[in-house]
Structures are given as structure tokens and as C-alpha cells.
Amino acid sequence: MGLVCEISGLSHSFNHLLEAIEDYNRQLEELSSNDPLTRLNNRWKFEQSINAQIQFAGRHGAPFSMLVFDLDHFGYINDVHGHPMGDLVLKEVAHVLRNGVRSQDIIARIGEDEFAVILPDTALQEGQVMADALCRAIAGMEFQTTKGPLRVTASMGVVSYPMHGRTSESLSITGDVAITKAKALGRNRAVTVDSAEVKDATRIHGRDVWLRKAIAEERVLLYAQPIVNVRANRMFACEVLTRIQDGDRLLSADHFVPDLERHGRIEDLDRFVLEQALDHKRRIASLAGVKLFINLSAVTIENHEFMENLPALLRSQQTPPGEVVIEITEREALRQLSKLSGLIRELREEGILFALDDFGSGFNSFLYLKYFPVDFVKIEGSFVQHIAHNRRDRLIVEHIHQVAQALGVKTIAERVEDENTHDLVRALSIELAQGYYYEAPTPLQDVGHSAFFDTVSSRLLGRTGTDNGRF
Ligand code: C2E
Ligand code: CA
């Protein structure tokens, strides 16, 4: 009897333990698949659901649609009204979604203010109707705040399987493109994309993956080209130029920079190059004291957070600010010139130097010179290249130099390829120059090796023999 009692007691405890474990597993499952704030599915669960949906749709030939959106100016709501208000908005959006969709639809919060809805068995047109209704419902919410009533809107993308993609990755890429389009059209709307836009997005994504892979596999290489002082016959600085090893080809920046810029994807590269350049400079003793000219594209320069962080980045890499010159190119037009000029002014007060690159190549050169308080103007190489035999080019170069000089800005002649051009640059009293005549771009880690100095010096010193050609 005692033994039976004991066994029954044990089995009771055992069952209790099993229940506790099951309960714990349920909680774990819920935690790993739910967003704690809104109780909607989280990103992980969403990925699972979309993959299951793709499999099902593939087997049964049934299309489905997906809505993805983020809230317009959500950062502003958090900043101005505080995080509790931001959280309330997110919870209310979740509530609107729950009320607005059918029981079979799957709703998820996939980022801070990003949501997605999977609509099984739903064609694009039907998906668009639901998306429009959800956008209206979100815009219809009103929140009372101490600063008055607050409304939110959403920019929504509507995509459909298999028309917009056959994998969760391709569907989310086209979804993002649709969101961007909705924002560009004025926000507070739901839009889809056509096949040309899908093709474009896939190509851009391919570029992104290519760049990320090249960075991860350490195939993005930093080269440097000397900028020389032709009056003092010495090297003055180096411009950092990027190369990417692609199979057995070493691609120069011309092969990938304009494309990355056109698609607004240059920032990752710029950030990587700047950080690497500073890291090299700190680690390679011979680079101490060497000014590095770094190219930043318009998109990067327009990222205020990135630019404002420059002094801290230089400090963390122990780089004196006066040893970094940011080159502003004109390939892509800069917006908000007066705001940017304020930022440049602040950074210059911290000691960072600025140069206008390819000066004369675009329509905005003189506008930039008017707005931006820069230290250097780099005269577009295609003018400099021919000054020895083209009078017009010579006049243009002379004119740019005079204007810059009058404004107290130093000029650098780009693309000096031969002795005649070098002589003319000197004759025009342009102090700084760069080009194949002095040295081609060389791996950054080789800069400072005596062989590198020797090659440059021999060209400069062949005529005077008075300086050691060092920085
Ligand atoms: P850039 O700033 O005008 O740089 C000079 C370009 O001319 C370089 O091409 C360089 O290799 C080439 N070059 C130098 N000396 C001579 C010469 O004497 N004659 C001729 N014909 N060419 C010469 P690269 O490296 O292909 O760079 C192309 C452009 O890509 C650069 O033009 C620069 O604006 C941009 N770039 C390079 N690296 C980066 C980067 O990391 N980020 C960004 N945003 N842009 C970059
Ligand atoms: Ca440049």
C-alpha cells in the first residue's frame, strides 16, 4: 500500500513536472514568435509563415498577396511625444490591423515601426483593396497628447506571389521598393510596383549583395595616389581610391562607384573605406602626418548623422582632424546647400578639411564654391589633361585657379600625365598636382615604403635635387 501510494505520488509529481515543462515550452514558443509590445507575430515567425505560404502556393498554384508598411515620420513621434506615445501608436496600429483583416490573414511586426500582413489566397487587386482600407483606418486614428491631437499615416507596399517574387527574400525586396515608391508619391498610401520596377530592384539588390560580399571577403582594397607640391617638390598628401578584386580582375572605382551612387547604395562603401583608411593610418607608422583625401558621395555627405560623427570617429582612431580632407564630388547634386554649408563650417571648426572634387565638371561647381567654405578645389582632370595643347582648356584652368586663389582656396590640378603639363601647371602657379606623371594609385599599405617615395621623388627631384621628397 505504502509503495502504491508512493508510486502514485511520484507519478502525480511527474505529470505536474511534464505540465510545467509543456507550459514553459509554450511560453518559450510564444516569446520566440511574438512581439511582446503588440502581441503580433515577430519577424522570425513572419519568415516562417511566408515560407510556408510560398510552399503551399507553389504546390496548389494559388497566388497570395503581402502588405508591408512602415509609419510615416515615426522617429518624429518618438522624439517629440516620447517613447510611451510611440509604443501606444504601435499598439493601436496592431489593433487596427487585427480588426481590419480576415481570420486567415497573418499579421506581424517586423521592425520598429514596420508591419507586414500575409493575405493567403488573395490576388493583387483584392490585396490592393484591403491595403487601401487599412491605410484609411490607420490615418483615421487620433491620439490625444499634451501638444494637441496626433495622427499617423502609413506608406504601404502591396506585392503578390508569384508576380513580384518567388522567394521570401525577393518578395520583401519588392515590398521595400513599393514602400519607397509610396513615400516618394507623398506617403499615406498603398502602392504596388510594375515588372520594370521589380527588375530594377532585383538588379540593385544584386549590387548590394555583391558589395557586401566583397567587403566581407576583404576584396575591397584601398589604394592611394600622391598629391604633390610642385613648387616645393615634395609630396603633400594622398588621395584614397578604392579597388575591388573581382575574380582575377582588379576593378577601379570607375567600374562600380557611379553605379552604386545612381542607386543610392554608396554609403556602405564610403563608411567602410573611411574607417579602413583611418585604421591603416593609425597602424602604419609611415602614414603618420600624411594627409589623406577621402572621397565621399553626395548620399553619404547628406547623411547628417554620419557627418556629425566624423570628429568622434577621428578621435577613436587617434587621427588628427587636420590630416583628413573630405572630397565632395559633383557627380550627384547635393540638396539643402545652406544646411550642409553649416555642417561643413562646424566640422572645419573641429579641424577637418574639405575639397571640391572634379571642379568644373558639373553645373554646380561655382554654386558649391559660393556655399561651401572649402580648403581645396581639385580642377577637373579632363581640363588639366590637355592644357599643353588646348588653349580653351588652359584658359578654363587658369580662370578656376584665379577665382579659387582670390577666395583663399588652394587648387589641385588633377590628371597631370606628362612633363609638359607639369611644367604648365607650375607656370600657372598652381601649387598642388596629382596624376600618372607623379605616380599611379598604389596599395595604401605600400605608401610610405621607401620605394614609393623614391619613385615620386625621382620625378620631382630630377630637376632640382634639393629635397628628400617626403611629406
Ligand atoms: P576622382 O576623384 O576624380 O579620382 C581620380 C580618378 O582618376 C581615379 O580613378 C584615378 O585612378 C584616375 N587618375 C589618376 N591620375 C590620373 C591621370 O593622370 N590620368 C587619368 N586619365 N586618370 C587618372 P578611379 O580610381 O577609377 O576613381 C574614379 C572615381 O571614383 C574617383 O574620381 C572618385 O570620385 C570615385 N571614388 C574612388 N574611390 C571612392 C570611394 O571610396 N568612395 C567614393 N564615394 N568615391 C570613390
Ligand atoms: Ca577625388
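## Side note on the site of ligand 1
Logical step 1: In the neighbourhood of ligand 1, 25 residues make up the surrounding shell, with Thr-242, Arg-243, Asp-270, Ser-297 and Glu-417 lying closest.
Logical step 2: In this structure, an oxygen atom belonging to ligand 1 sits 3.3 Å away from a main-chain N or O atom of Ala-253.
Logical step 3: A distance of 3.0 Å is found between an oxygen atom of ligand 1 and a side-chain nitrogen or oxygen belonging to Asp-358.
Logical step 4: Summarising the interface, the protein chains cover 89% of the accessible area of ligand 1, which totals 800 Å² for the free molecule.
Logical step 5: More than half of the atoms belonging to ligand 1 lie within 2 Å of the grid points that define the largest pocket.

## Quick word on the coordination of the calcium ion (ligand 2)
Octahedral six-donor coordination of a metal ideally yields angles of 90 or 180 degrees, compared with 109.5 degrees for tetrahedral four-donor coordination.
Logical step 1: Only Glu-239 (OE), Asn-295 (OD1), Glu-327 (OE), Asp-357 (OD) and Asp-357 (OD) from the protein coordinate the calcium ion (ligand 2), and they sit 2.1 to 3.2 Å from it.
Logical step 2: One can describe the donor arrangement at the calcium ion (ligand 2) as irregular, given that its six donor atoms subtend angles of 44 to 168 degrees at the metal.
Logical step 3: Site description for the calcium ion (ligand 2): donor spacing in sequence, E-x55-N-x31-E-x29-D. You can see Glu-239 sitting in strand E9 (residues 234–246) and its partner Asp-357 sitting in strand E13 (residues 353–359), a full 118 residues away along the chain.
Logical step 4: Glu-239 gets classed as buried once you look at its relative accessible area, which sits at 6%.

## As for the sheet that holds strand E3 (residues 114–119)
Logical step 1: Spatial ordering of the open sheet is given by E2-E3-E1-E6-E7, a layout of five strands whose pairing is mixed. In this open sheet, the two strands that pair with only one neighbour each are strand E2 (106–109) and strand E7 (189–191). Between one strand axis and the next, the sheet turns through 20 degrees on average, direction left out of account.
Logical step 2: Pairing of strand E1 (residues 64–71) with E3 involves six bridges; the strand directions are antiparallel. Residue pairing for E3: Asp-70 is matched across the bridge by Glu-114.

## So, a nonpolar patch on the surface
Logical step 1: A cluster of nonpolar side chains, namely Phe-14, Leu-17, Leu-18 and Ile-21, defines an oily patch on the protein surface of about 380 Å² accessible area.
Logical step 2: Checked against the element boundaries, Phe-14 lands in helix H1 (residues 2–33).

## Notes on the domain arrangement of the protein
Logical step 1: We note that the domain assignment places domain 1 (33–212) and domain 2 (219–464) within the protein.
Logical step 2: Computed from C-alpha coordinates alone, the two centres of domain 1 and domain 2 are separated by 42 Å.
Logical step 3: Counting residues at the interface gives six residues for domain 1, matched by eleven residues for domain 2.
Logical step 4: Between domain 1 and domain 2, a total of about 900 Å² is buried, with carbon and sulfur atoms accounting for 58% of that surface.
Logical step 5: Among the residues domain 1 hides against domain 2, the three largest losses belong to Arg-207, Trp-210 and Leu-211. Together they make up 65% of the total.
Logical step 6: Across the domain 1-domain 2 interface, the total number found is two salt bridges.
Logical step 7: Notably, a salt bridge pairs Asp-208 with Arg-265, separated by 2.8 Å at the nearest N-O pair.
Logical step 8: At the boundary of domain 1 with domain 2, the tally comes to three residue pairs in polar contact (both at pLDDT 80 or more).
Logical step 9: Looking at side-chain class alone, the side of domain 1 that touches domain 2 contains three nonpolar, no polar and three charged residues.

## Describing the packing of aromatic side chains
Logical step 1: Enumeration over the complete set of coordinates arrives at eight aromatic pairs.
Logical step 2: Each ring, one from Phe-69 and one from Phe-115, has its centre 5.3 Å from the other, and the planes form 15 degrees; the classification is stacked. Residue Phe-69 is located in strand E1, and its partner Phe-115 is located in strand E3; the two are separated by 46 residues in the primary sequence.
Logical step 3: Geometrically, the ring pair formed by Phe-359 and Phe-366 is edge-to-face, given 5.1 Å between the ring centres and 80 degrees between the ring planes.

## A look at the layout of surface pockets
Logical step 1: Here the largest pocket is characterised by a volume of approximately 930 Å³.
Logical step 2: Lining the largest pocket are 34 residues, and of these Glu-239, Leu-241, Ala-253, Asp-254 and Asp-358 sit closest to its centre.
Logical step 3: Those elements giving two or more residues to the lining of the largest pocket turn out to be E9, helix H8 (257–262), helix H9 (267–283), strand E11 (291–296), E13 and helix H15 (381–384).
Logical step 4: The greatest single-element share of the lining of the largest pocket, amounting to five residues, is contributed by E9.
Logical step 5: Classifying every residue of the lining of the largest pocket by side-chain character gives eleven nonpolar, eleven polar and twelve charged.

Thresholds applied
Residues numbered from 1 in each chain as written. Chains lettered and ligands numbered in written order. Predicted model: local features only at pLDDT ≥ 70, side-chain atom pairs only at ≥ 80, totals over all residues. Heavy atoms only, no water. Near = heavy atom within 4 Å. Polar contact = N/O pair within 3.5 Å; in protein donor to acceptor, adjacent residues only side chain to side chain. Areas by Shrake-Rupley, 256 points an atom, 1.4 Å probe, with all protein chains shown as cover. 1 Å grid on protein atoms, 1.4 Å probe; cavity = no way out; pocket = protein on both sides within 12 Å on 5 of 7 lines; lining within 4 Å. Sits in = over half its atoms within 2 Å of the grid points. Donors = N, O, S within 2.8 Å, 3.2 Å for Na, K, Ca; no water. Tetrahedral: all angles 85-135°; square planar, octahedral: opposite > 155°, others 65-115°. Helix = DSSP H or I, 4+ residues; strand = E, 2+ residues; numbered from the N terminus. Buried < 20%, exposed > 50% of the residue type's maximum accessible area, 1.4 Å probe, protein only. Pairing = 2+ DSSP bridges. Axes fitted to C-alpha atoms, helices over the stretch in contact; angles between N-to-C directions. Patch = residues over 30% accessible without salt bridge, like charges linked within 9 Å, V, L, I, M, F, W, Y side chains within 5 Å. Salt bridge = Lys/Arg side-chain N within 4 Å of Asp/Glu carboxyl O. Domains from an automatic or database assignment. Contact = heavy atoms within 4.5 Å. Buried area = accessible area lost by both parts, 1.4 Å probe. Nonpolar A, V, L, I, M, F, W, Y, C, P; charged D, E, K, R; others polar. Phe/Tyr/Trp six-rings, centres within 6.5 Å; stacked < 30°, edge-to-face > 60°. Points joined across faces, edges and corners; volume = space filled by probe spheres on them.

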